Amino acid sequence: MQTSTRNTVLLTRSRTAVWHPCTQMKQHETLPIVPIARARGCWLYDCDGNRYLDAVSSWWVNLFGHSEPRINAALIDQLQKLEHVMLAGFTHEPVVELSERLSALTGGKLGHCFYGSDGASATEIALKMSFHYWRNSGKTDKTEFISLAGSYHGETLGALSVTDVALFKDTYALLLRQSVQVPSPDWRQAAGGVSPRDHALACAKALEQHLEKHHARTAALIVEPLVQGAAGMAMHDPEYLRQARVLCDRYGVHLIADEIMTGFGRTGTFFAHEQAGITPDFLCLSKGITGGYLPLSVVMTTDTVYQAFYDDKVTRGFLHSHSYTGNALACRAALATLDIFKQDDVIQNNRARAQRMTVAAQPLAAHPRVRHFRNTGMIWALEVDGADASFSRRLFEAALVREVLLRPIGTTVYFMPPYILSDAEMDLLATRTLEALDATP
Ligand SMILES: *Cc1c(COP(=O)(O)O)cnc(C)c1O
């Protein structure tokens, strides 16, 4: 990796004027900030032309690579027509078409789309809507939320209340509402010999015991279906979701599927919850929705929920809003993204791609320091034994000088690449990660 004055000047200016997210800024006294000048396909290029394979899809948002010609063309076309108009009292073709097409993708079961700008705002919307639904239905005691141990649902105050990541949450404890965490079906935590499915069933039992006692006060259970991302790509058996659906129905509790990361084909089906054959009451989507181009989120819900708000009384309506709700450019990027799923038969083609990547990663899986190598759809993850607190930062640096952008979560190393990764890029990713691991004691 070469560093010129051009690179150095930009990263120094960035350190001064930009407060970077999820970062102790002082660490950047030694750890470089990477100045990206342009990007194409799976590759990011810095100001000196060094390249980095974007193996984390730019924080889990990119689907079809950077600078995708069809998304670019759709955005340029949309720019000539309408960039944005407020969505209260106004509407436009892209938001209507997107809502209709997303609804169709749920078989029409989630036919009402409420938009936000990012994942955390989708979580806020789902929590508020669930609470307000029960209130409108005369069940004013239903004010509590349940989430899974280790879950991540965003970091605004409401979303952080149902998030269970100590590093993000503990500092703000006094600002947050209490919520309840039930055991996670994460199969890494299964005792020796217990299958992922049996572990899921045992965790469902714990959920049942909680609901039996507390259902009258519980508004909703929120889950990340199949893969809990920030928990370290914790994967679980779909049986847990089937059980959760049955229990939520039995006890009159909403099921919120936070598919902000798992949606749009990431787990091998278009939505992760499809693999359990269930439909949630609320579905939160963001990240990949625009192919990784623009901030947009949506909460989709049932006609039953929608009808509980439909009334002559204004305050029975859902009065929530964000300035950029339903932004026309973002919706148009989302439509172009849905087009690509069809044109390129993405879900089908990803199956072969995922198998190919799993084969390429076998030497990593067999590495003596590696445990729990796992894969769901277009996500791969593994645990590194004996890794210390600085491991993730050191591996990040070791991978970066080998042209690969990795961002380990503690001792978990994962790949969440754009879906267009070629065979050569898969091999490079696996080989360079192995080299980086060996260079990071
Ligand atoms: C990223 C993420 C969020 C939060 O989305 P932001 O756009 O970062 O606010 C919520 N839930 C899950 C599962 C996520 O992966």
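Residues numbered from 1 in each chain as written. Predicted model: local features only at pLDDT ≥ 70, side-chain atom pairs only at ≥ 80, totals over all residues. Heavy atoms only, no water.

**Describing empty space enclosed by the protein**
For the structure on display, the rule yields one cavity of 30 Å³ or more. In this structure, the largest cavity is lined by Trp-60, Leu-63, Ile-260, Met-261, Gly-263, Phe-264, Arg-266, Gly-288 and Tyr-419. Tallied by class, the residues present in the lining of the largest cavity amount to six nonpolar, two polar and one charged. Each of domain 1 (5–67 + 345–438) and domain 2 (72–343) accounts for three or more of the residues forming the lining of the largest cavity. (1 Å grid on protein atoms, 1.4 Å probe; cavity = no way out; pocket = protein on both sides within 12 Å on 5 of 7 lines; lining within 4 Å. Points joined across faces, edges and corners; volume = space filled by probe spheres on them. Nonpolar A, V, L, I, M, F, W, Y, C, P; charged D, E, K, R; others polar. Domains from an automatic or database assignment.)

**Notes on the domain arrangement of the protein**
In terms of domain boundaries, the protein breaks down into domain 1 (5–67 + 345–438) and domain 2 (72–343). Here the C-alpha centre of domain 2 lies 26 Å away from the C-alpha centre of domain 1. Between domain 1 and domain 2, the residue contacts involve 30 residues of the former and 29 residues of the latter. Between domain 1 and domain 2, the buried area comes to about 2,500 Å², and carbon and sulfur atoms account for 65% of it. (Contact = heavy atoms within 4.5 Å. Buried area = accessible area lost by both parts, 1.4 Å probe.)

**Things to note about the site of the ligand**
Near the ligand you find Trp-60, Asp-118, Gly-119, Ala-120, Tyr-152, His-153, Gly-154, Glu-224, Asp-258, Ile-260, Met-261 and Lys-287, and these make up its full shell. Within the backbone of Gly-119, an N or O atom sits 2.8 Å from an oxygen atom of the ligand. Note that an oxygen atom of the ligand is positioned 2.8 Å from one of the backbone N or O atoms of Ala-120. Contact with the protein chains covers 82% of the free accessible surface of the ligand, which is 380 Å². Grouping the constituent residues of the shell around the ligand by class yields five nonpolar, three polar and four charged. (Near = heavy atom within 4 Å. Polar contact = N/O pair within 3.5 Å; in protein donor to acceptor, adjacent residues only side chain to side chain. Areas by Shrake-Rupley, 256 points an atom, 1.4 Å probe, with all protein chains shown as cover.)

**Quick look at the sheet that holds strand S3 (residues 51–54)**
Strand order in the open sheet made by the four strands is S1-S2-S3-S15, with mixed pairing throughout. Across the chains shown, the open sheet's two edge strands, defined by having one partner strand only, are strand S1 (36–40) and strand S15 (404–405). Across the sheet, helix H15 (residues 423–438) is in contact with strand S2 (43–46), S3 and S15; its angle to S3 comes to roughly 100°. (Pairing = 2+ DSSP bridges. Helix = DSSP H or I, 4+ residues; strand = E, 2+ residues; numbered from the N terminus. Axes fitted to C-alpha atoms, helices over the stretch in contact; angles between N-to-C directions.)

**Remarks on the nonpolar core**
Residues Leu-98, Leu-102, Phe-264, Met-357, Leu-406 and Leu-429 are the most contacted members of the largest nonpolar core, which totals 62 residues. For this core, the leading source of residues is helix H11 (residues 328–343), giving ten residues. A domain split of this core shows at least three residues from each of domain 1 (5–67 + 345–438) and domain 2 (72–343). Ignoring any residue separated from it by four or fewer positions in sequence, one finds Leu-102 in contact with Tyr-115, Phe-264, Leu-285, Ile-289, Val-298, Met-300 and Leu-338. (Core = buried A, V, L, I, M, F, W, Y, C linked by side-chain atoms within 4.5 Å. Buried < 20%, exposed > 50% of the residue type's maximum accessible area, 1.4 Å probe, protein only.)

**Side note on helix H9 (residues 239–251)**
Along its 13 residues, H9 runs 18 Å from first to last C-alpha, staying within 8% of the 18 Å computed at 1.5 Å per residue. Within the span of H9, buried status applies to Glu-239, Tyr-240, Leu-241, Ala-244, Arg-245, Leu-247, Cys-248 and Tyr-251. On its buried face, H9 is in contact with strand S5 (144–148), strand S6 (180–182), helix H8 (196–214), strand S7 (218–223) and strand S10 (254–258). Backbone geometry just downstream of H9 places Gly-252 in the positive-phi region, at approximately 65°. (Expected span 1.5 Å × (residues − 1).)

**What about the sheet that holds strand S11 (residues 282–285)?**
The strand order across the open sheet formed by seven strands is S4-S12-S11-S10-S7-S5-S6, and the pairing between neighbours is mixed. Where the open sheet ends on each side, the last strands, each with one partner, are strand S4 (112–116) and S6. When strand polarity is set aside, the average angle formed by the axes of neighbouring strands in this sheet is 25°. Across four bridges, S11 lies against strand S12 (residues 297–301) in antiparallel orientation. Each bridged residue has a counterpart across the sheet, and for Phe-282 the counterpart in S12 is Thr-301. Helix H4 (residues 93–105) rests against S4, S11 and S12 of the sheet, and its axis sits at about 125° to S4. Contacting S4, S5, S7, S10, S11 and S12, helix H5 (residues 119–136) crosses the sheet at an angle of about 25° to S12.

**Concerning unusual backbone geometry**
One can expect most non-glycine residues to show negative phi and most peptide bonds to be in trans. For Ser-67, which is not a glycine, the phi torsion comes out positive at approximately 55°. Mapping Ser-67 onto the fold places it in the loop between helix H2 (57–60) and helix H3 (69–81). Since its relative accessible area comes to 23%, Ser-67 is described here as partly exposed. Although it is not a glycine, Lys-287 adopts a positive phi angle of roughly 40°. Here Lys-287 is to be found in the loop between S11 and S12.

**Some remarks on the packing of aromatic side chains**
In the structure shown here, the tally under the stated rule is 13 aromatic pairs. Between Phe-114 and Phe-318, the ring centres sit 5.0 Å apart and the planes meet at 80°, which makes this aromatic pair edge-to-face. Linking Phe-114 in strand S4 with Phe-318 in the loop between helix H10 (303–309) and H11, this pair joins segments that are 204 residues apart in sequence. Where Tyr-133 meets Trp-134, the ring centres are 5.0 Å apart and the plane angle is 80°; that geometry is what we call edge-to-face. Considered together, Tyr-133 and Trp-134 belong to a single accessibility category, that of buried residues. In this structure, Arg-38 is placed above the aromatic ring of Tyr-45, and the distance from its NZ or CZ to the ring centre is 4.2 Å. Taking the ring centre of Trp-134 as reference, the NZ or CZ of Lys-142 above it sits at 4.8 Å. (Phe/Tyr/Trp six-rings, centres within 6.5 Å; stacked < 30°, edge-to-face > 60°. Lys NZ or Arg CZ within 6 Å of the ring centre and 35° of its normal.)

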